[in-house]
Amino acid sequence: MDPSPGANAPKGPPAEPALSEGSPTDWDLEHRIIEAEEGPIDEDEFIAEAWNGNTSDSTSVSSSVYAHTYEHGRRYHKFRAGRYPIPNDDDEQNRQDMMHAMVLELTDGCLFYAPIGEHPQKIIDLGTGTGIWAMEIGDKYPSAEVLGLDLSPIQTIWVPPNVKFLVDDVEDDWLNGSDWDFAHFRGMANTLRDLDRMAEQTFKHLRPGGWVEFQEIYGKPLCDDGTMGDDDIMKQYYEVSVKAMGQFGIDLSQGSKVGEYLERAGFQNINCVVKKMPLGTWARDKRMRLIGLYVADLILTSLPSMVDGKPFARLGLSEEERMVWGARVREAIKEPHVHRYYHHYFWFAQKPGQ
């Protein structure tokens, strides 16, 4: 199914909905070609600033599940150990916060696209990670109750007074109330073992007229100008990653097909915004170069989790073979003449009724 929006079914070119976070100016970005910079590239053009998720008006996080387990030199969640094969240590938390900064750059500062109205009262963030999105949405809507759920208790100790975090497996039966105005997922569709069930549970626990949004990266590299060959190392890395994560019941292509699951669950007004993200700083546009820098750093920081961690180890690759994979990917990311990019999908849909 093509990831394009439409009423009751994700088909056809997108019609611009009334978006509460401000309408994007590039609805046809999926079909635009990112122009490459012709001159030399300044690798020091951007200096990333630290992301501070703390706020002055805050209360402490309420969770007592702070146990972890260790493997391959990295720290993982203890609750439902092995459910998610990516670490939860400081390196991974920094990567998640960097991803948040990248998404805000990609969306011109929009936290979401769903038209949820001016005064939502109940917002749930499933797979909240470091909790940075939940805290910012709590600041944006101070009268709303915001709940973040995750397998890992890695959220900051101090949070806005209307925000709380719980350690929970979002794929279990929901036990945290109903009548939510907005359910938010970021980077979750690709990791859920049963996306149909998740879509059904979300539909059940939203209030009539409530909205759901999935923000998902599709990790298959693309190219518009023929500079990426069929045997490109990043293509190969994606294919091997698909096999590796498949060993854990994870389908890395699901993020591009969320509309199908939302439709089967009964959602209507299914919409999709697709954004292009260059890999590296080869783009002519400065904003695209910054996004490309984020993308390159995100892949580099995730590489040890994949190649040196559980996923590639599960494939039975030797330590030497995994080291070679890491080295080849690192070299490929530095290639300015290969104009790779990825798609980032923003799916949002509404539960019928008011």
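Look a little higher up for the structure.
We now turn to the structure provided with this report. (Residues numbered from 1 in each chain as written. Predicted model: local features only at pLDDT ≥ 70, side-chain atom pairs only at ≥ 80, totals over all residues. Heavy atoms only, no water.)

Observations regarding the packing of aromatic side chains
And step 1. Tallied over the full model, the rule gives 13 aromatic pairs.
And step 2. Taking 6.2 Å as the distance between ring centres and 45° as the angle between the ring planes, the aromatic pair formed by W211 and F348 counts as tilted. Residue W211 is found in strand β9 (residues 206-222), and its partner F348 is found in strand β11 (residues 341-350); the two are separated by 137 residues along the sequence.
And step 3. Since its relative accessible area comes to 7%, W211 is described here as buried.
And step 4. Its relative accessible area of 0% is what places F348 among the buried residues.
And step 5. Ring geometry for Y345 versus W347: centroids 6.2 Å apart, planes at 5°, classification stacked.
And step 6. Ring pairs connect the aromatic residues F112, W133, Y141 and F182, which therefore count as one cluster.
And step 7. Over the aromatic face of W180 sits the side chain of K122, whose NZ or CZ is 4.5 Å from the ring centroid.
And step 8. A cation over a ring is seen here: R328 above W325, with NZ or CZ 5.5 Å from the ring centre. (Phe/Tyr/Trp six-rings, centres within 6.5 Å; stacked < 30°, edge-to-face > 60°. Helix = DSSP H or I, 4+ residues; strand = E, 2+ residues; numbered from the N terminus. Buried < 20%, exposed > 50% of the residue type's maximum accessible area, 1.4 Å probe, protein only. Lys NZ or Arg CZ within 6 Å of the ring centre and 35° of its normal.)

With respect to the environment of S241
And step 1. Within the fold, S241 resides in helix α4 (residues 233-246).
And step 2. In this structure, the C-alpha to C-alpha distance between S241 and F312, residues 71 residues apart in sequence, is 7.6 Å.
And step 3. With residues near it in sequence (within four places) discarded, S241 still touches L252, M306 and F312. (Contact = heavy atoms within 4.5 Å.)

Focus on the pairing of strand β4 (residues 122-126)
And step 1. Within β4, four of the five residues are buried, leaving the element largely enclosed by the surrounding structure.
And step 2. Pairing geometry for β4 and strand β5 (residues 145-150), over five bridges, is parallel. Note on β5: the bridge partner recorded for K122 is E145.
And step 3. Taken together, β4, helix α2 (residues 132-140) and β5 form a β-α-β motif whose crossover is right-handed.
And step 4. Both β4 and strand β8 (residues 180-186) contribute to a ladder of four bridges, which runs parallel. Residue pairing in the sheet places I123 in a bridge with F182 of β8. (Pairing = 2+ DSSP bridges. Right-handed = clockwise from strand over helix to strand, strands pointing away.)

Description of the side chain of T107
And step 1. Among the secondary structure elements, T107 is positioned in the loop between α1 (90-106) and β4.
And step 2. Among residues more than four places away in sequence, those in contact with T107 are Y113, R287 and F346.

Structural notes on the nonpolar core
And step 1. With 91 residues, the main nonpolar core has M102, V212, F214, M234, Y237 and L262 as its most contacted residues.
And step 2. For this core, the leading source of residues is helix α6 (residues 286-308), giving 11 residues.
And step 3. Not counting residues up to four positions away in its chain, the partners in contact with V212 are F182, A183, F185, T202, L206, L262, F267, W347, F348 and A349. (Core = buried A, V, L, I, M, F, W, Y, C linked by side-chain atoms within 4.5 Å.)

Details of unusual backbone geometry
And step 1. Positive phi outside glycine occurs at D108, with the angle close to 55°.
And step 2. Turning to its location among the elements, D108 is positioned in the loop between α1 and β4.
And step 3. We classify D108 as exposed; its relative accessible area is 53%.
And step 4. Residue D179 is not a glycine yet carries a positive backbone phi of 60°.
And step 5. Among the structural elements, D179 can be located in the loop between β7 (163-167) and β8.

Things to note about the sheet that holds strand β10 (residues 268-278)
And step 1. Across the sheet, which stays open at both edges, the seven strands sit in the order β7-β5-β4-β8-β9-β11-β10 with mixed pairing between neighbours. In this open sheet, the two edge strands, each paired with only one partner strand, are β7 and β10. Averaged over all pairs of adjacent strands, the angle between strand axes in this sheet comes to 15°, irrespective of strand direction.
And step 2. Its contacts with the sheet put α2 on β4, β5, β7 and β8, and the angle it makes with β7 is roughly 155°.
And step 3. Against the sheet, α6 makes contact with β10 and β11, and its axis sits at roughly 90° relative to β10, the strand it touches most. (Axes fitted to C-alpha atoms, helices over the stretch in contact; angles between N-to-C directions.)

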